[in-house]
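# Reading the structure
Next come the chains, spelled out residue by residue.
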Amino acid sequence: MTPAVPGPQVLLTARGLVKEFSVRGQGGAFARKRVLRAVDGVDVELRAGQTLALVGESGSGKSTTARLVARLLEVTSGTVEFQGDDVTRLSGAALHRFRSEVQVVFQDPYSSLNPRHTVERIVTAPLVYQGRSVPGGARAFTRSLMERVGLNPDHSERHPAQFSGGQAQRIGIARALAVGPKVVVCDEAVSALDVSVQAQVINLLRRLQREEGYSYLFIAHDLAVVRQIAHRVAVMHQGRVVETGDRDALFASPAHDYTRALLAAVPRIRPEWEAARRARARTRETADGKRETT
Amino acid sequence: MTAIGKTPPLLEVEELNVTFPTPQGAVDVVRDLGFTLEPGGSLGIVGESGSGKSMTSLAIMGLLPPRATMSGRVRLAGRELSGLTDRQLRRVRGDRIAMVFQDPLSSLNPYYTVGTQIEEAYRAHRQRVTRRQARRVAVEAMERVHIADAARRVDHYPHQFSGGMRQRVMIAMALCTEPDLLIADEPTTALDVTVQAQILRLLTEVRQETGAGLLLITHDLAVVSEMTEEVLVMRAGACVERASAERLFSDPRHPYTRALLDAVPRLDDEVGELRTVHGRGPSPAAGATEGDER
Amino acid sequence: MARFLIARLSGVVLILLLVCLFTFGVFFVLSPDPAVQICGKNCTPELIERIRTNLGLDEPLLAQFFSFLGGLFAGRTYGVGESATHCAAPCLGYSFQSSQPVWDMIMDRLPVTATLAVGAAVLWLLAGVAGGLLGALREGTWWDRGAMVVALSGISVPNYVFALVLQYVLVVELEWLPFPGTVTFAEDPGGWFQNYLMPWIVLAFAYASVYARLTRANVIDTLSENYVRTARAKGLPRHQVIRRHALRPALTPIATVFGMDFAGLLGGALITETVFGLNGVGKMTADSISRNDQPVIMGVTLLAAFFVVVGNVVIDLLYTALDPRVRVNSA
Amino acid sequence: MAALPTQPAAAQESAPPSGAGGAPPPPRRGVLRALGRDPGAVLSAAYILLVVAMAVFAPLIVRMSGWGPYEFDQTAVNPDLGGVPFGGWGGAGGEHWFGVEPGSGRDIFARIVYGARVSMLIALAATALTTLLGVVFGLLAGFFGGKVDWVISRVMDFLMAFPALIFMIAILSALPAGNRAVLLVVVISLFGWPYLARIVRGQTMSLARREFVEAARASGAGRATIVFREILPNLRSTIIVMTTLAVPGYIGTEAGLSFLGVGVVPPTPSWGQMIASSVSWYSVVPTYFAIPGAFLFLLVLSFTVLGDRLRAVLDPQGVR
């Protein structure tokens, strides 16, 4: 699905993002303060309807970058532009409008959903917080959203703990879609899920993007997952982007040493076994296909 | 049963059942599990959260929580373990069978230096060992797992080591008694991919050096394909398929194995709509939420 | 390390200053005119005036506070000319009733309070930790439930009720122990021990109950930690797993709670001392309450607060020694 | 001075909060059903209701028993024996159900009933005030952190550094005796709230780090909305357990202060005061000491047991 045409217009850009944390040494209030630069001059460009993956190991600054872009953290320096307007220092009503355009899906399904709230309260919360009315009433709105993300609408009164990991993550996605955003920041959104459920949620995200045109800023440490969902990939290491490129180009011929090392380190099922398995699967399908037509 | 004259298998597990009392009644976490492992051989037990793979390893070591009940037979090199008293089993644990756990941070006692904790494993199975001798063994074990400056770092505390380094300490601790069987329960799940690669290489190197057998528990099919000669797929507490790695990955027979392999996101190419796993979820209590027991 | 000490000590000084201010405020601002109380029964206006000037009560409040503070560190002279009396540092003023220096009154009685505190502490640590440990290791058995029922009642019974019941049973009914009197250790160690036995038990019962529940909860938590599982996987014998790997993490937080409770006790166990007639700081405070002897109450309050604050610092230093993760100088 | 439980029992035992209540709230029916099956909880709740009924209907009960708490019945005490009540068991019988106070001859039953009113009123008022202060300051310190947290924590350290009992006595003895009950509640609460605030602060801090708070902020929720709509509901179980365990602490404190003579001003009856005046008679008329002692012990025990059971059902891994 690599875009051949020059590509849809840029939705979200960030220039020279820097984020510093002051880490207090041990020893109470007067200890010397060490400054940790988690993000060190990062540029990000997200195009409409596309997925940009920020990939890297722990401590690479990918999550911090995502939080800076989603305005969950204050920028030390650098700018964030959304549809051409500078949103870096936005506040008040303007920030609210930005919030309705950019939403976040988090890693741990159970930690990102309030255990005391029902699905309905969770999903309608963004609208309530932005002072917008819930179109068509909370119950109907929730049911339609749940159907869109593949959940049983009758469960709208349940609590998060009554759902499986995959289902809870779908609630998180439904909540993100509630305000009709243009950009969804997925912060390790499938990392906590089992392989089978992970595949279902990746399919859901891809279908929603295809059908409803969302752009994703997808944060992940698993390169294989990135391979399945990203259009463009930015590889981050110790607070900097070491390489950016289209997915196929980057996976096929990585330019930067770190990217190469990262790709080499990912465990793989032996290609020859994989090829053999797929060949057998295809022969089985053609055999089933023949049997059905006769 | 063991054929006459032939050396007995390193590990034989027959009709292993583990049940856990829960408020909603007893749940069979492991159901009629059986497998053997030849001396120096390696078996990967793979399965999703709640499949009972970790419980299997704990059952073999006799480390099940007090509430759990276990039945079936476990034999190590022809010697029946399940009938032993705790005192007798203790002489085997940590000496003939050693274990490495998933979370390096919480698996080491924060109040003692790593040296003390390695020495403790050694002295538990060797009589009349002077403190100096034990310390020398600890330093050697740390050097064997490539921990730089081991002589100095032996007196450091666990919180002064990175995740990868702590896992090396765990492996050193397991090695110092030259066990016949090494059980690794998700040893690299909590680690970054580059660090994981190093730890997996270390495990392979250690096995070649000591000839110990390896029982690797993981949810990651790619890791299993690189690490073990035999693979056993578990679902809802039972074995759905067991075969050599080559046979299982190139010609999976059981539908669950096939669906699982289809769901694994791969690095090498675009996968169409990821086929998802149908029917009952991976965990024994079908409706139960997928806990993160992975 | 030095930076850490400076931070902690400045905190201590700040809190002690606030304690002085707070105590001074209550006694000299809120309470009725001290001069009237001093001059007691046969009181004349001139006598009150003389007392007021003598004690400097006519000076503005702030001046009084600073002279009060000065008195703590450098001693203070009351009155002028030949009737001037110098009260050596740390000067806590004079008792309204006995006009003895408060500092000396406290120092005379501190040994009794300390003996009571130490004896009770030994008892409640042994009983509490042992009870909690056994309760945790035999979780769910009849011993565990029994120990916890006793602990629950230990927390609930007000100590003066328990003291009176104990005294009634042991002294009046069974006559195992003599009626508490004042016996010094030198004269009759046996009698001294018997005299303190009941107060120790009464004071320790409530604390032992709290420590048993705390120990039990901590040990149960620690036993489910991964590093305890690692210890078992290493093949360590059960008692070594518990002693080395479960006890230390479970008991370290208890050391800090103990520091606070013991320091608090040094200020005097008012009720236990009163009920058993032990002439300690607590009993003196209780008596001075009924006689409205403000300087004594104030002096004891200051000293008790001092013990607690210093106790806090000692605990912090102890904690860095006990828990390597908190150690300040480690790399 | 834990002998006189100025600190609510729960606060003393609270191990560091090991994570906010992650589990969903057990439905109210579930909680009541779980408690209903627990004999300890049922007995405690029954006794508490009895005492509450006594406190509420004191005037009615006293009219039935015939003697008010302030009436002196000189006929019931034997003057030449130093005021020892006639008949065994401290004069208990048809006329005076629990007997009479030696010397003054006042009806013990009536004083117990009115005593219940005093100790419940003061304890519940103190619990309400400390819970209010504890939750507000705990939330502020836990949620905002930084300077706000530093200031509130230093105030809490200061108040907790104080030998609360001695200081309460000092204040109460220094201040005039007017409307002593209100003063008692204020003074007890002044030293009590930090123990609740500390636990609420810990829980709020761990909740504020949870991703659902970040999600709310990402949706544009203001700070107040986050505190009241997202965080507070998760503190409900902890607060319920805390308040239930705080009541016995304050009942003990009021009785202790009255025992030392700085609590409720006579002639208003208080169990602590009755015990204090019974000390001199306890070998001669043990019932005069035993009855208020038993009532006090059982009330404190009942609240402690109820609080313990509530904690096991509502907030297993929260406040230990």
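Along every chain, residues carry numbers that run from 1 in the direction the sequence is written. Here the convention is simple: chains get letters from A, ligands get numbers from 1, in the order in which they are written. Predicted model: local features are reported for residues with pLDDT of at least 70 only, side-chain atom pairs are reported and counted for 80 or more only, and whole-chain, interface and lining totals are derived from all residues. Calculation of side-chain values draws on the structure's entire complement of heavy atoms; hydrogens and water are dropped beforehand.

Right, let's talk about the overall build of chain D for a bit. Per the convention used, a helix needs a DSSP run of H or I reaching at least four residues, while a strand needs a run of E reaching at least two, with both numbered from the N terminus. Counting its secondary structure elements, chain D contains 13 helices and 2 strands. Burial status across chain D gives 63% buried among its 320 residues. When contacts within chain D are restricted to residue pairs at least 6 apart in sequence, those whose partners lie at least 24 apart make up 77%. For the accessible areas, the method is Shrake-Rupley and the probe is 1.4 Å, while residue cover comes only from the protein chains on display. Looking at chain D as shown, the accessible area adds up to about 11,700 Å², and 71% of this sits on carbon and sulfur atoms. Per-residue accessibility, obtained with a 1.4 Å probe over protein chains only, is compared with the maximum for each type, and a residue is labelled buried under 20%, exposed over 50%, and partly exposed between these values. Contacts: residue pairs with any heavy atoms within 4.5 Å of one another.

Let's shift gears to the packing of aromatic side chains. By convention here, two paired aromatic rings are described through the distance between centres and the angle between planes. Only rings of Phe, Tyr and Trp enter the pairing, Trp through its six-membered ring, and a pair is recorded when the two centres are within 6.5 Å. The plane angle decides the type: under 30 degrees is stacked, over 60 is edge-to-face, the rest tilted. For the structure on display, the rule yields 23 aromatic pairs over all chains. Geometrically, the ring pair formed by Tyr160 of chain C and Phe259 of chain D is stacked, given 4.4 Å between the ring centres and 10 degrees between the ring planes. Of this pair, Tyr160 of chain C sits in helix α7 (residues 159-173) while Phe259 of chain D sits in helix α11 (residues 223-259), each in a different chain. For the residue pair Tyr160 of chain C and Phe259 of chain D, the accessibility class agrees, reading buried in each case.

Okay, the sheet that holds strand β8 (residues 215-220) of chain A next. Residues and elements named next belong to chain A. Taken together, 6 strands build an open sheet; the order of strands is β6-β7-β8-β3-β9-β10 and the sheet is mixed. Edge strands, defined here as strands with exactly one partner in the open sheet, are β6 (102-105) and β10 (240-246). Averaged over all pairs of adjacent strands, the angle between strand axes in this sheet comes to 15 degrees, irrespective of strand direction. A pair of strands counts as paired when DSSP detects no fewer than two bridges linking them. Of the strand pairs in this sheet, strand β3 (residues 51-55) and β8 are connected by 5 bridges, and their pairing is parallel. Looking across to β8, one finds that Leu54 is bridged to Ile219. Sitting on the sheet, helix α2 (residues 92-101) is in contact with β6 and β7 (183-187), with an inclination near 55 degrees to β6. Contacts from helix α5 (residues 165-177) reach β6 and β7, with the element oriented near 175 degrees to β6. Axis angles are defined between N-to-C directions and span 0 to 180 degrees, where every axis is a line fitted to C-alpha atoms and, for a helix, only to the segment in contact.

A cluster of nonpolar side chains, namely Leu14, Leu18 and Leu21 of chain C together with Trp150, Val151 and Val155 of chain D, defines an oily patch on the protein surface of about 530 Å² accessible area. Only α1 (2-30) of chain C together with α7 (146-161) of chain D provide two or more residues apiece to the nonpolar patch. Tracing the backbone through its elements, the reader meets Leu21 of chain C in helix α1. Judged by its relative accessible area of 44%, Leu21 of chain C is partly exposed. For patches, a residue must show more than 30% relative accessible area and have no salt bridge; joins then use 9 Å for like charges and 5 Å for nonpolar side chains, namely Val, Leu, Ile, Met, Phe, Trp and Tyr. Whenever Lys or Arg places a side-chain nitrogen within 4 Å of a carboxyl oxygen from Asp or Glu, that contact is recorded as a salt bridge.

A separate point is the environment of Leu43 of chain D. With respect to the secondary-structure elements, Leu43 of chain D resides in helix α3 (residues 39-56). When the C-alpha atoms of Leu43 of chain D and Val305 of chain D are compared, they prove to be 9.4 Å apart, with 262 residues separating the residues in sequence.

The full count for this structure, using the stated rule, is 56 salt bridges over all chains. Note that Lys182 of chain A and Glu101 of chain A form a salt bridge whose closest N and O atoms lie 3.2 Å from each other. Taken together, the residues span a long stretch of sequence, with Lys182 of chain A in the loop between α5 and β7 and Glu101 of chain A in helix α2 at a distance of 81 residues. We classify Lys182 of chain A as partly exposed; its relative accessible area is 34%. Residues Glu14 of chain B and Arg75 of chain B are paired through a salt bridge, measuring 2.7 Å at the closest nitrogen-oxygen approach. Of this pair, Glu14 of chain B sits in strand β1 (residues 11-22) while Arg75 of chain B is found in strand β4 (residues 69-76), placing the two residues 61 residues apart along the sequence. Owing to a relative accessible area of 9%, Arg75 of chain B belongs among the buried residues under this scheme. The network of salt bridges with common partners includes Glu12, Glu14, Glu15, Arg73, Arg75 and Glu80 of chain B.

With 23 residues of chain C at the interface, the matching set in chain B holds 29 residues. Here chain C is connected to chain B by 2 salt bridges. Nitrogen and oxygen atoms within 3.5 Å of one another constitute a polar contact, given that in protein one can donate a hydrogen and the other can accept it, and given that sequence-neighbouring residues count only through two side-chain atoms. Scanning the region where chain C abuts chain B turns up 13 residue pairs in polar contact (both at pLDDT 80 or more). Under this grouping Gly is polar, as are all residues other than the nonpolar Ala, Val, Leu, Ile, Met, Phe, Trp, Tyr, Cys and Pro and the charged Asp, Glu, Lys and Arg. Classifying every residue of the side of chain C that touches chain B gives 8 nonpolar, 6 polar and 9 charged.

Moving on: the interface of chain C and chain D. Facing the 52 residues of chain C at the interface are 48 residues of chain D. Roughly 4,300 Å² of surface becomes buried between chain C and chain D when both sides are summed, with 78% attributable to carbon and sulfur atoms. In this structure, the salt-bridge partner of Asp308 of chain D is Arg213 of chain C, at a minimum N-O distance of 2.7 Å. Our count for the chain C to chain D interface comes out at 2 residue pairs in polar contact (both at pLDDT 80 or more). Among the elements that take part in the side of chain C that touches chain D, helix α8 (residues 189-223) of chain C stands out by supplying 9 residues, more than any other. Two parts lose some accessible area (1.4 Å probe) when they are put together, and adding that loss for both gives the buried area.

This paragraph deals with unusual backbone geometry. A cis amide bond links Pro266 of chain D to the next residue, Pro267 of chain D, at an omega of 0 degrees. As for its placement among the helices and strands, Pro267 of chain D is situated in the loop between α11 and α12 (271-278). Positioned with a positive phi, Glu15 of chain B is a non-glycine residue whose angle comes to about 45 degrees. Mapped onto the secondary structure, Glu15 of chain B falls in strand β1. The phi torsion at Ala236 of chain B lies on the positive side, around 50 degrees, for a residue other than glycine.

Residues and elements named next belong to chain D. Summary of the metric used: pLDDT quantifies the predictor's per-residue confidence within the range 0 to 100. Chain-level statistics for chain D give a pLDDT mean of 82 and a share of 89% at 70 or above. Across residues 1-22, where pLDDT falls below 50, the model places 80 contacts with residues more than four positions away in sequence or in other chains. Predicted complex metrics record ipTM = 0.83 and pTM = 0.85.

This part is about the sheet that holds β4 of chain B. Residues and elements named next belong to chain B. Reading across from one edge, β2-β1-β4-β5 is the order of the 4 strands in this open sheet, with antiparallel pairing throughout. Of all the strands in the sheet, just β2 (25-37) and β5 (79-80) have a single pairing partner and so form its edges. In terms of strand pairing, β4 meets β5 through 2 bridges, oriented antiparallel. Paired with Arg75 across the strands is Glu80, a residue of β5.

What follows is about α3 of chain D. Think of an α-helix as 3.6 residues a turn; residues three or four steps apart then line up on the same face. All names here are of chain D. In a regular helix each residue adds 1.5 Å, so 18 residues correspond to 26 Å; α3 covers 26 Å between its end C-alpha atoms and thus fits that length. Inspection of α3 places Ala41, Ser44, Tyr47, Ile48, Val51, Met54 and Ala55 among the buried residues, and these make up the whole buried set. On an axial view of α3, the arc spanned by its buried residues comes to 155 degrees, and they lie on one face. Facing away from the buried side of α3 by more than 90 degrees, the exposed set consists of Pro39 and Leu49. The distance from a side-chain oxygen at the start of α3 to the backbone nitrogen of Gly40 is 2.9 Å, and the residue carrying that oxygen is Asp38. By this rule the span expected of a helix is its residue count minus one, scaled by 1.5 Å. The arc in question is traced by the directions running from the helix axis to the C-beta atoms.

Residues and elements named next belong to chain C. Annotation comment: domain bounds sourced from an automatic or database domain assignment. Parsing chain C into structural domains produces domain 1 (32-91) and domain 2 (102-326). Placing a centre on the C-alpha atoms of domain 1 and another on those of domain 2 gives a separation of 39 Å. Contacts between the two partners involve 4 residues from domain 1, matched on the other side by 5 residues from domain 2. Across the domain 1/domain 2 interface, buried area totals approximately 370 Å², and carbon plus sulfur atoms make up 71% of it. Joining domain 1 to domain 2, the criterion identifies 0 salt bridges. Between the two partners, domain 1 and domain 2, sit 0 residue pairs in polar contact (both at pLDDT 80 or more). Class assignment for the residues of the side of domain 1 that touches domain 2 results in 3 nonpolar, 1 polar and no charged.

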